[in-house]
Amino acid sequence: MSHIIQQKVELPNKDDWIFDLANVVTDIKQLYCYLDLDPDTISMSMKQVKKQFPLRVPMAFIHRMKKGDYTDPLLLQVLCNDNEMIEVSGFSADPLLEQDNAIPGLLHKYHNRALLMTKTACAINCRYCFRRHFPYHENQGNKKNLTVALDYIANHPELDEIILSGGDPLMAKDHELDYLISELEKIKHVKRLRIHTRLAVVIPSRITATLCRLFAKSRLQIVVVTHINHPNEIDDDVSQAVNQLKQHNVTVLNQSVLLKNINDNVTTLAQLSNKLFDNGILPYYIHLLDKVQGAAHFLVEDKHAKQLMKQLSEQVSGYLVPKLAREVGGEKSKRVLTFND
């Protein structure tokens, strides 16, 4: 099995993001074989979990995992876990109260900005995803829904920033993004376009020359917010992708999620902040876990989180300390937690 995967990976077109998008692992045994882990240790409950929330991880991301290590921090973010079957009090399918949105694909949660669900699919399934139970079938990014959403944006002059989310907005092809950006540019009060993406990290070939030119020519201020939780996620390909964005006047920020046994120690957080900045990315937010059902095993308690941030502030420059934040469904802004709360 491992030999078969190796042959697949060695196919050409390294820079073709569509190829990289298709070159994924969806089978736990296949993933274990590639990483030199014992497939006999895969439990029946892990297989059951996979049916509820599928395993999906690109080979471009798997290459950064350490072989033979069951505790690799990148592996733990994507690997089905027995604990996902446990119903935990205080955790729900809709922790941010997003599933009753009036306009399909559009969330106007904050005063001056609205979130547009551009695509419903992701390149990777992160096990802590707060939208793992989201009804994407009711929020398709089709032309009909998009027209309604654009009309809403046009009729709300307080909206000066639009956030593309999903799924992952960079699952859209360059020509689709060109159309969407052109339509948003027609709305005079929209000044900024923020793109929240994991794709730029897990499949850095997605940052194409065409995409960068598209961003550069826009009258909108383009902000790309990457989602990187651990320094090992940043390799040379990611670095090159970010550099392309920066060369085309794109502001690049990062948001992370604080995850138990993955980045819940000050050494990892300091390494992450420094490596982000070394590669032209400014640490922006580090989020406390959204309490979505199935992800309780990732939870880092508030007290420990605040201690970590205090320790981090003592080890790195102030501009490298991301804001520790919690999002609460129904509130008009994120809650930023200070070390002394």
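Further up the page is the structure itself.
The model shown is predicted, which means the values in this text are computed figures rather than measured ones.

Participant: Give a description of the packing of aromatic side chains that names residues and reports values.
Facilitator: Counted according to the given criterion, the structure contains four aromatic pairs. A ring pair is formed by Tyr32 and Tyr70, whose centres lie 6.0 Å apart and whose planes are at 70°; its orientation type is edge-to-face. Placement of the pair is Tyr32 in helix H3 (residues 28-34) and Tyr70 in the loop between helix H5 (59-62) and helix H6 (73-78), with a sequence separation of 38 residues.

Participant: Account for the pairing of strand E3 (residues 106-110), naming residues and giving values.
Facilitator: As paired strands, E3 and strand E4 (residues 113-119) are joined by three bridges and run antiparallel to one another. Its bridge partner being in E4, Leu106 is matched across the sheet by Leu116.

Participant: I'd like to hear about helix H11 (residues 236-247), residue by residue, with values.
Facilitator: The end-to-end C-alpha distance of H11, which contains twelve residues, comes to 16 Å, matching closely the 16 Å that a straight helix rising 1.5 Å per residue would cover. Residues of H11 that are buried make contact with helix H9 (199-202), helix H10 (209-217), strand E7 (221-227) and strand E8 (251-257). Its side-chain oxygen at 3.2 Å from the backbone nitrogen of Asp237, Asp235 defines the N-terminal cap of H11.

Participant: Outline the environment of Ile207, listing residues and values.
Facilitator: Turning to its location among the elements, Ile207 is positioned in the loop between H9 and H10. Separated by 34 residues in the primary sequence, Ile207 and Ala241 have C-alpha atoms spaced 5.7 Å apart. Apart from residues lying up to four places away in sequence, Ile207 is in contact with Leu170, Ala200, Cys212, Ala241, Gln244 and Leu245.

Participant: Mind laying out the pairing of E4, listing which residues take part and the relevant values?
Facilitator: Working note: regular strand, side chains alternate between the two faces of the sheet. Within E4, five of the seven residues are buried, leaving the element largely enclosed by the surrounding structure. Once E3 ends, the chain turns through two residues before running back antiparallel as E4. Inspection of the sheet shows E4 paired to strand E5 (residues 161-166) by six bridges, in the parallel sense. When the bridges of E5 are listed, Leu116 appears paired with Leu164.

Participant: I'd like a rundown of empty space enclosed by the protein, residues and numbers included.
Facilitator: Counted according to the given criterion, the structure contains three cavities of 30 Å³ or more. Approximately 70 Å³ is the volume attributed to the largest cavity. Every residue along the wall of the largest cavity is listed here: Asn254, Gln255, Ser256, Leu269, Leu272, Ser273, Leu276, Pro283, Tyr285, Ile286, Leu312 and Pro322. Residue assignment for the lining of the largest cavity shows that the elements contributing at least two residues are E8, helix H12 (266-278) and strand E9 (282-287). With four residues, the top contributor of residues to the lining of the largest cavity is H12.

What counts, and where the lines are drawn
Residues numbered from 1 in each chain as written. Predicted model: local features only at pLDDT ≥ 70, side-chain atom pairs only at ≥ 80, totals over all residues. Heavy atoms only, no water. Phe/Tyr/Trp six-rings, centres within 6.5 Å; stacked < 30°, edge-to-face > 60°. Helix = DSSP H or I, 4+ residues; strand = E, 2+ residues; numbered from the N terminus. Pairing = 2+ DSSP bridges. Expected span 1.5 Å × (residues − 1). Contact = heavy atoms within 4.5 Å. Polar contact = N/O pair within 3.5 Å; in protein donor to acceptor, adjacent residues only side chain to side chain. Buried < 20%, exposed > 50% of the residue type's maximum accessible area, 1.4 Å probe, protein only. 1 Å grid on protein atoms, 1.4 Å probe; cavity = no way out; pocket = protein on both sides within 12 Å on 5 of 7 lines; lining within 4 Å. Points joined across faces, edges and corners; volume = space filled by probe spheres on them.

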